[in-house]
Every structure is written in structure tokens, then in C-alpha cells.
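# Remarks on the overall topology
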Amino acid sequence: MRSSLEASLRQETEGFSSLVLEDLKQKQELLRLQARWVADRNDVSQATASGKKPLLLQTLLPIQAALQLNFIKVVAPDGSVLAELRQGAISQAKLQDEQVSRSASLGLDVSDIVSTQGNAPSLLVGQISIKSQEKVLGGLIVGTELNDDLLKKIRGNTQMHLVAFQDSQVIASTLAAARNTRWQIPTPESPPQRLNIANQGYMVKTVILTGVSGTAVKVVLLTSVKPLEQAERSLWLSLAGLCLLGGAIALIVAIWVTRWLTRRLHNLTSATQQLAAGDFSIRIKIDSKDEVGILAQDFNFMAEQLTARDQQICIQMQQLENTLQKLRQTQAQLIQSEKMSSLGQMVAGVAHEINNPTSFIYGNLIHISEYTHNLLGLVQLYQQNYPNPVQAIEKEIVAIELDFLEEDLPKLLQSMQTGCERIHEIVLSLRNFSRLDESDFKKVDIHSGIDSTLMILANRFKTQFKSQEIKVIKEYGNLPRVECYAGQINQVFMNILSNAIDAFEEKEQQENLCILNPEIHICTKVINNDWIAIHISDNGLGMSEEVRSKIFDPFFTTKQVGQGTGLGLFISYQIIVEKHSGRIECHSKLNEGTRCIVNIPVRQAKVIDIEDINSVTNTRV
């Protein structure tokens, strides 16, 4: 069991190391794009063409402050330095930037690494030529320090640590003990291995970041093995307690616990591999607060940070150049569509994987109940025929609380059966909601899609802060089967309902009051033979006319930074209007709630009836 846990931690460390290296490469690419943006500015090219150092420094100083750069250097085509700005730890350091300066003077558009002498951190740099319409005016180099702050941003709030080396010298670290203790750095080719640093065990993996000039920086990922040891101790204590139950019950429970833990570790390992492969939309369901649950929580936090960082890079690029706005919108839409497609595949896979062991448990509960009934009957028969057992048996009866076991064990089995039935209902809802990758129009039941979405959001309808549980009122009309993209329509319902729930939470946070009778009202009806309508309304915060007029614009959001992308209703608008030739409207007044109206045509071209597919797929679950 220990080797299995260590193998899982090694795989997790291997996956995180790939993400760290990818994050550093993205930082290099961002520096190259920032260099391009600076070089394309008219004031920079004019100052470079003038050859006046004071004018060039005056032009570059506000750019350095705005982009938070530690290093900016402008070189002439002949290699002479026209201007150089430094700040931070490299202000007085000796930079080994001769080769970078030479390539910049030649007009190369690359990313590189500049090393320093002494204890100063290395620089991640991007370089590009400065051109006029007639000729090359010079080369531009921009850079930022590879220091402790940069490593801390990459690390986030996870339990891992990062240490950067230039040759054998520590230049940046998030772990103080790594600077003060001598330890052997593993080679980049070796797999993750366990090392002790300052009497603390870590799983260690080395990655190498190499520049175009050949300069390399080694980054070592340290993952503490303390959670692994705690998980192992907790597991053995649990197994020891279960052994006291004895006999067949102990064996069945041990098998169930082992499979349950192995499945969770397998899910964590599989998700780590997908994340290492570049699928940032992957998430792990957190169903406990033990060590594996903490690892899953850290994994989700890491994935969310990577997703947020990716979105932040897109926003920064949007601010740099307004002319690229249309391209960024298209890119964001493609990324969101791919994420939702991956989410649908993941939900369908998770539903399938949950359904198999649940069916196994549910089928065996019948036999367990029968065996338990027989064993308890045998115990009662012994008590009737041998009312005066020996003293050792009487002590054991008292120790194990036999009367309580006889009363509680059937209830325990019944609760397990009820739980299995609940899991089965959730699996059906997940399967119905996960039609996100279906590429053809199909005839579907709109009510089924709404119910599946409500099932997935059921936890958010429960009590939040001081307010009462959100009440959902459904008034379903007699709708025909509608021809549509089932998964995309479900996505629209999810976005609208999530915004309604957010409105209640935002109103409570702003006013610090308890919302009385929070309600979401869902009404469906037939407009005519060709159209249906879905009305979704709430009595939440509402919005002003200024905000309401912009809610379908891309990247528009009223939420705090990091809490919303501004794409949900924009994509919903495209799904309804562009892909289904329908209409979507929003009516709202401040402090009076919001109503969203979705009108969809009943018929589309090239339609497949969803019942024909369900007749086949239902036999595979």
C-alpha cells in the first residue's frame, strides 16, 4: 500500500513539474509579446531613431513601470547600447548578456535567459528588433527577474515548493531550508525521487528551462511526503478498527474500503495526467476531507489558478493592442467551447465509472442483508438454547454491545441501499446533462434538460449565508420534443440558473441582510406550432438598465476579478441566436429581480430523434 501511495505521489509530482515548466515558458512568451508591443510603439521607434539617450530613457521609464519589468535595454545595429534600465536585485549585478545583446542587434525575435554573477537572480528576457518603415533601428530586450516572488506566484497556495538553480547556485526559492542546507540536485532525466531536506521528506523532480543562447536554469519541484505518511497511518488505523468486527463483515468492508480508496487515487492520478497533458478544465470531485481529499482540493486549486492565469494573460494581451480584440474574442470562444466539450466527456465518464461500482455494491447489499439476517438469527438461537454462557462470552457480548449491533446493523444496511439509489439518480442526471459534445441536432425533451441542470445545481439551492433555501417553482407546459443541440441548450440553462443563484448571494453580501423567500420560477409554454418559450425569473438583486444592455457582450461581468469571465451569457446568446435561430431576452429592474426569456424553434434541419439513441445507450450503462 505504501508503494502504491508513493507511486501516486510521484505521478502527481511529475505532472506538477510539467505544469511549472509550461508556466515558465508562458512567462517567456509573454515577455516576447511585451517586447513586440513596446517595439511597435511610435514614440519608442522615434526616440531610437533620434539616438538621444535622455529622450529614449524618458520614453521607456513609464513603459517599464506599467509592465512591471526589471530590465529594458536598447542596442544599436552595431551593438552599442543606446539605453538600459534596471530595477530590483539586478540593479548593480553583472549581467552576462553579451550574446543576447548581439542577437537583439541582429533583429532576432526570440525568448532567452540571461545569467548573472554572484547571488543575483537570472533574467527571463524577450527580444525583438525596432524598425522604421525604411530600416532596422536597433534591438529591444525586456526582462523580469526569476526570483522568490515569481516562484511564489507559480506555487500559489499548494503544498509544493520550488527552488531555482543557476549552475549549482540557488538563485530563488520558496523554501528557506533549501538555501541553508546542502543537498544533491537530481538530474532532469531522472524520475521523481525522495530526498530529506532539513529532516523533512520531499518528493523531488528537476526540470530545466533552456534559452535560445544555451543558458539554462534548473527548477526543482519539492512535494512534501507528510500527507502521504498521514494517509498511510490513517488507513492502517481504519483497517485495524474494522478488523474488530471479525469474520465475513470485516472482509467485505475491507474490500470495499480498498476499492473506494484505489478508485479515488486512480481518479486523482488520471486527472493529474490530463492536466499535465494541457487539459486545464479537468476537475476532481471532493467527497471527503481526508488526505486524498486535501490532495484533490490542492489539485483543483492548481487547475483553477492555471485557468485564471490563462484568462489573465488573454486580458493583458487585449489591453496591449485594441486591434486584436476580434481575434481574442474568437480565441476565448474556442477555448470555452473546448472546455465545455471536455467537461461533457468527463461528466459522462465519471457517471459511467460511478455507476459500475455502485451497481456492484447495490447487488451485493442483498446478499449482505441475507447473510446478516442469518448470522443474527444464529446468535439469537444460541441465546435461546444457551441462556447462561461462560463468563468469557458474556464479557465479549458486553464489549461489542451485541444488542446495539443487532438493532443498528439492519438500519446501516438500509441506509447504504438508500445511498446507492440516490447515486443512481445522480448518475442519470449527469448522463443527461453531459451531452456537450454532440454535434448533430436531435429531438429532445426540454424538461428533462432543465431537471438535469437543477439536479446538478441542487447543492447551491441549499442554505447560503443567512438566507433560506432557494425555492424552485416549475410550471411546465405540454411541450413537444424540440430539435436542438441538447448539450448546448443544457449549458444555456446552467449559465442562466447560475447567474440567478449568484444574484441572491451578491444581494446578501452587499446588503448584509437575510433574503426572505428567495425563489426561482421556471415556466415553459408553447407559443405556436413552430415556437416554444422558456421563462426563468428570480426575485434577487436585479440590475440597472446600463448593466442589462451589456450582459450579452463578451467579457462583460459585474463580478469581482477572478470570479467571472464574462463569457457565460455571451456564449448562451450565440448558442440560442446563431446556432438555433432563436431569441433570448433579459428584462430586469434594480432590486426587483430578473427574467430571462428563451424562444426556440421546434424544428431544425437534419434532426436525429434522441429516443432512438437512448434505446441503444441505455443498455450500455
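Just so it is clear, the structure is predicted and the values come from calculations on it, not from any experiment.

## As for the sheet that holds strand S2 (residues 81–86)
With respect to topology, five strands assemble into an open sheet ordered S2-S1-S5-S4-S3, the strand pairing being antiparallel. Two strands lie at the open edges of the sheet, namely S2 and strand S3 (110–114), each paired on one side alone. In this sheet, adjacent strand axes meet at a mean angle of 20° when their direction is disregarded. Note: strand S1 (residues 71–75) against S2, five bridges, orientation antiparallel. For Lys73, the partnering residue across the bridge sits in S2 and is Glu84. Where helix H2 (residues 42–50) meets the sheet, its contacts fall on S1, S2, strand S4 (123–131) and strand S5 (136–145), and the angle it forms with S4 comes to roughly 75°.

## Digging into helix H11 (residues 391–400)
Of all ten residues in H11, zero are buried, a share of ten percent or less. Once H11 finishes, Glu401 follows within two positions and takes phi at roughly 55°, a positive value.

## What to know about the packing of helix H5 (residues 148–155) against helix H9 (residues 291–320)
Packing of H5 against H9 leaves a shortest axis separation of 10 Å and a crossing angle of 115°. The orientation of H5 with respect to H9, classified from their angle, is roughly perpendicular. Here Lys153, Ile154 and Arg155 of H5 come into contact with H9, specifically with Met302, Gln305 and Arg309. The residue makeup of the contact of H5 with H9, split by class, is two nonpolar, one polar and three charged.

## Brief notes about the layout of surface pockets
Looking at the second largest pocket, its volume works out to about 1200 Å³. What lines the second largest pocket is a set of 35 residues, among which Leu245, Ala248, Ile249, Val253 and Leu409 lie closest to the centre. Sorting elements by how many residues they give to the lining of the second largest pocket places helix H10 (residues 325–385) first, with 13 residues. Looking at side-chain class alone, the lining of the second largest pocket contains 26 nonpolar, five polar and four charged residues.

## Regarding the sheet that holds strand S15 (residues 531–538)
Read across the sheet, five strands follow the order S12-S14-S15-S17-S16 without closing on themselves; strand pairing throughout is mixed. Of all strands in the sheet, those with a lone pairing partner are strand S12 (471–475) and strand S16 (583–588), marking the two edges. Between one strand axis and the next, the sheet turns through 15° on average, direction left out of account. Note that S12 and strand S14 (residues 519–526) share five bridges and pair parallel. Across the sheet, the residue bridging to Lys474 is Ile522, located in S14. Here helix H13 (residues 446–456) sits on the sheet in contact with S12, S14 and S15, set at roughly 170° to S14. Helix-sheet contacts for helix H17 (residues 568–579) involve S16 and strand S17 (594–601), and the interaxial angle to S16 is about 135°.

## Remarks on unusual backbone geometry
With a phi close to 55°, Glu401 is a non-glycine residue in the positive phi region. Inspection of the secondary structure assignment puts Glu401 in the loop between H11 and helix H12 (402–433). If you check the backbone angles, Ser581 has positive phi at about 55° while not being a glycine. Following the sequence through the fold, Ser581 ends up in the loop between H17 and S16. We classify Ser581 as partly exposed; its relative accessible area is 48%.

## Some words on H5
Inspection of H5 places Leu150, Leu151, Ile154 and Arg155 among the buried residues, and these make up the whole buried set. Viewed end-on, H5 has its buried residues packed into an arc of 135°, placing them on one side of the element. In this structure, H5 carries Asp149 and Lys153 as exposed residues pointing more than 90 degrees from its buried face. Sitting at the amino-terminal end of H5 is Asn147, which places a side-chain oxygen 3.3 Å from the backbone nitrogen of Asp149.

## Topic: the nonpolar core
If you look at the biggest cluster of nonpolar residues, it comprises 57 residues, and the most contacted ones within it are Val20, Leu24, Leu60, Leu140, Leu146 and Phe299. It is helix H1 (residues 2–39) that contributes the most residues to this core, ten residues altogether. Sequence-distant contacts of Leu60, that is, excluding residues within four places in its chain, are made with Val38, Val44, Ile72, Val74, Ala83 and Leu85. Met494, Cys596, Val598 and Val602 belong to the second largest nonpolar core, which has 40 residues in total.

## Notes on the packing of aromatic side chains
Inspection of every chain in the model, using the stated rule, returns two aromatic pairs. Residues Phe552 and Tyr573 carry aromatic rings whose centres are separated by 5.4 Å and whose planes lie at 40° to one another, so their mutual orientation is tilted. Within this pair, whereas Phe552 is found in the loop between helix H16 (545–548) and H17, its partner Tyr573 is found in helix H17, the two being separated by 21 residues in sequence. Of note, Arg583 hangs over the ring of Trp531, and the distance from its end group to the ring centre comes to 4.5 Å.

## Here's the deal with the side chain of Ser224
Mapped onto the elements of the fold, Ser224 is located in strand S10 (residues 216–224). Relative accessible area serves as the criterion here: at 16%, Ser224 is assigned to the buried category. Within the structure, Ser224 has its side chain in polar contact with the side chain of Gln200 (distance 3.4 Å). Apart from the residues lying within four places of it in its own chain, the contact partners of Ser224 are Leu9, Gln159, Gln200, Gly201 and Tyr202.

## Some thoughts on the pairing of strand S7 (residues 169–173)
Most of S7 is tucked away: four of the five residues are buried. Pairing of strand S6 (residues 160–166) with S7, which is carried by four bridges, proceeds in the antiparallel orientation. Across the sheet, the residue bridging to Ala164 is Ala172, located in S7. Between S6 and S7, which pair antiparallel one after the other, the connecting turn spans two residues, and Asp167 there sits at a positive phi close to 60°.

Thresholds applied
Throughout, a residue's number is its position along its own chain's written sequence, starting from 1. In view of the model being predicted, local features appear only for residues whose pLDDT reaches at least 70, and side-chain atom pairs are presented and counted only at 80 or more, with totals across whole chains, interfaces and linings using the full set of residues. Hydrogens and water molecules were not included; the side-chain quantities draw on all heavy atoms of the structure. DSSP bridges decide pairing: two strands pair if at least two such bridges lie between them. A run of H or I in DSSP becomes a helix once it reaches four residues, and a run of E becomes a strand once it reaches two; helices and strands are each numbered from the N terminus. Fitted lines through C-alpha atoms give the axes, limited to the stretch in contact for helices. The angle between two N-to-C directions lies from 0 to 180 degrees. What makes two residues a contact is simply this: any of their non-hydrogen atoms within 4.5 Å. Each residue is placed in one exposure class: buried if its accessible area under a 1.4 Å probe, protein chains only, is under 20% of its type's maximum, exposed if it is over 50%, and partly exposed if it falls in between. Oblique is the label for every angle not falling under 35 degrees (roughly parallel), over 145 degrees (roughly antiparallel), or within 65 to 115 degrees (roughly perpendicular). When residues are grouped by polarity, Ala, Val, Leu, Ile, Met, Phe, Trp, Tyr, Cys and Pro land in nonpolar, Asp, Glu, Lys and Arg in charged, and all others, Gly among them, in polar. Here the term cavity refers to a set of points on a 1 Å grid, laid over the protein atoms alone, in which a 1.4 Å probe fits but cannot get out; the term pocket refers to an open set having protein on both sides within 12 Å along at least five of seven lines, with lining residues being those that place an atom within 4 Å of a point. Grid points are joined across faces, edges and corners, and a volume is the space filled by probe spheres set on the points. The directions from the helix axis to the C-beta atoms form the arc being described. Two N or O atoms form a polar contact when they lie within 3.5 Å of each other; inside protein one atom must be a possible hydrogen donor and the other a possible acceptor, and for residues adjacent in sequence the pair counts only when both atoms belong to side chains. For the purposes of this section, nonpolar cores are sets of buried Ala, Val, Leu, Ile, Met, Phe, Trp, Tyr and Cys residues that join through side-chain atoms within 4.5 Å. Planes of paired rings set the category: under 30 degrees apart is stacked, over 60 is edge-to-face and the rest tilted, where pairs are Phe, Tyr or Trp rings (Trp by its six-membered ring) whose centres lie within 6.5 Å. Either the NZ atom of lysine or the CZ atom of arginine qualifies as a charge over a ring when it sits within 6 Å of the ring centre and within 35 degrees of the ring normal.

Keep in mind these values describe shape, not function.
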